[in-house]
Amino acid sequence: MADLDDLREGSDFGLGVASQNQSFHVKGASNLPWGMKDRLSRIFNPKTGRAVMLAFDHGFIMGPTSGLERIDLTIVPLIEYADCLMCTRGILQSTIPANTNKPICLRSDAGSSILTELNDNVLIDIEDVIRMNVTAMAVMLAIGDTANEAKTVANLYKAVDKASRYNIPVMGVTAVGKQMARDARYFGLASRICAENGANIVKTYYCDGFEKVTAACPVPVVIAGGKKLEEKEALELCYRAVSEGAAGVDMGRNVFQSTSPAAMIQAVRGVIHEGLTPDQAYEMFNDLSK
Ligand code: 5RP
């Protein structure tokens, strides 16, 4: 029982001062419950409203691709610079130290690999997501892929259904099929379908007319980096994306395949959180690479 000595009556009630309501910094999340908001706040920095997510889930379809042969050696040293880690449960359990205290966006669907037709995925169990104490789930949508479109939309829909019981946000990831045009019409459609089905975050690709993609998506959009570019070009991509409404990046190859991954992720942070121009960020990259 608490010590009852010297009980003091409350006296500072702020009478006459309206109760302080703060607006929430994540797009489309104002009506969500506290647990959802708390998790989203771990991913999206409340000061900038943005996030630098580090994606290294590529092995689930392509095995030990360049830069991810030894995640313990290449990715673990980058963790301190990321706001959130996106990976599979196998890598999380085997290789990511449990005391990093970084939010995890768990790749929560799996299925076909690069050796077969991609996108034929099923969902992992929500119990596994909870057991690993992850902050968000990531589920891919293959819009326009006749064989898998409906199945992947159902994966997202079911993930949202289950995750929302535990206030776990879901990120919809728009796949790009070989036949899909990489334009604002396609990414705008795919992103919107993610949000319409309940995704709290959408991951997509930058394209010409990107401001229409972000404008028509009622939740935050983060971009994948896509194939490896020259560092300066990748920083320009980040800059254009956030200038046109993205809430950050969920970037993989352009970080871990860089000549200096630690310098690159810090330069990306400079663009996303500190408003550096591509030139300033590239200078930072060069300085840190030395
Ligand atoms: C694939 C993914 C990858 O994580 C994504 O493509 C990010 O990596 P990169 O920046 O290398 O494109 O979600 O579904």
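*Asks:* Before we go on, may I ask you to explain the layout of surface pockets in this structure?
*Replies:* Unfilled space is identified by rolling a water-sized probe across the atoms. In this structure, the largest pocket encloses a volume near 1,300 Å³. Around the largest pocket, the lining comprises 47 residues; the ones closest to its centre are Ala-175, Val-176, Arg-182, Tyr-205 and Arg-253. Taken as a whole, the second largest pocket encloses approximately 300 Å³ of empty space. Every residue lining the second largest pocket is counted, 14 residues in all, and those nearest its centre are Ala-98, Lys-102, Ile-104, Met-132 and Asn-133. The residue makeup of the lining of the second largest pocket, split by class, is seven nonpolar, five polar and two charged.

*Asks:* It is not clear to me how the site of the ligand should be interpreted in this structure. Could you clarify?
*Replies:* Taken together, 15 residues lie near the ligand, and Asp-57, His-58, Arg-107, Gly-252 and Arg-253 sit nearest. Contact with the protein chains hides 91% of the accessible area of the ligand, taken as 360 Å² for the molecule alone. For the ligand, the cavity whose grid points lie within 2 Å of the majority of its atoms is the largest pocket. Grouping the constituent residues of the shell around the ligand by class yields six nonpolar, four polar and five charged.

*Asks:* I would appreciate a short explanation of the packing of aromatic side chains in the present structure.
*Replies:* How two aromatic rings sit relative to each other is set out by the distance from centre to centre and by the angle between their planes. The full count for this structure, using the stated rule, is four aromatic pairs. Geometrically, the ring pair formed by Tyr-186 and Phe-187 is edge-to-face, given 5.4 Å between the ring centres and 65 degrees between the ring planes. For the pair Tyr-282 and Phe-285, a centre-to-centre distance of 6.1 Å together with 15 degrees between the ring planes defines the contact as stacked. Highlighted residues: Tyr-282 and Phe-285, both in helix H12 (residues 278-289), separated by three residues, approximately one helical turn. Above the plane of the ring of Phe-24 lies Lys-37, whose end atom (NZ or CZ) is 5.3 Å from the centre. The ring of Tyr-205 carries Arg-182 above its face, with NZ or CZ at 5.2 Å from the centroid.

The rules behind each value
- Residues numbered from 1 in each chain as written.
- Predicted model: local features only at pLDDT ≥ 70, side-chain atom pairs only at ≥ 80, totals over all residues.
- Heavy atoms only, no water.
- 1 Å grid on protein atoms, 1.4 Å probe; cavity = no way out; pocket = protein on both sides within 12 Å on 5 of 7 lines; lining within 4 Å.
- Points joined across faces, edges and corners; volume = space filled by probe spheres on them.
- Nonpolar A, V, L, I, M, F, W, Y, C, P; charged D, E, K, R; others polar.
- Near = heavy atom within 4 Å.
- Areas by Shrake-Rupley, 256 points an atom, 1.4 Å probe, with all protein chains shown as cover.
- Sits in = over half its atoms within 2 Å of the grid points.
- Phe/Tyr/Trp six-rings, centres within 6.5 Å; stacked < 30°, edge-to-face > 60°.
- Helix = DSSP H or I, 4+ residues; strand = E, 2+ residues; numbered from the N terminus.
- Lys NZ or Arg CZ within 6 Å of the ring centre and 35° of its normal.

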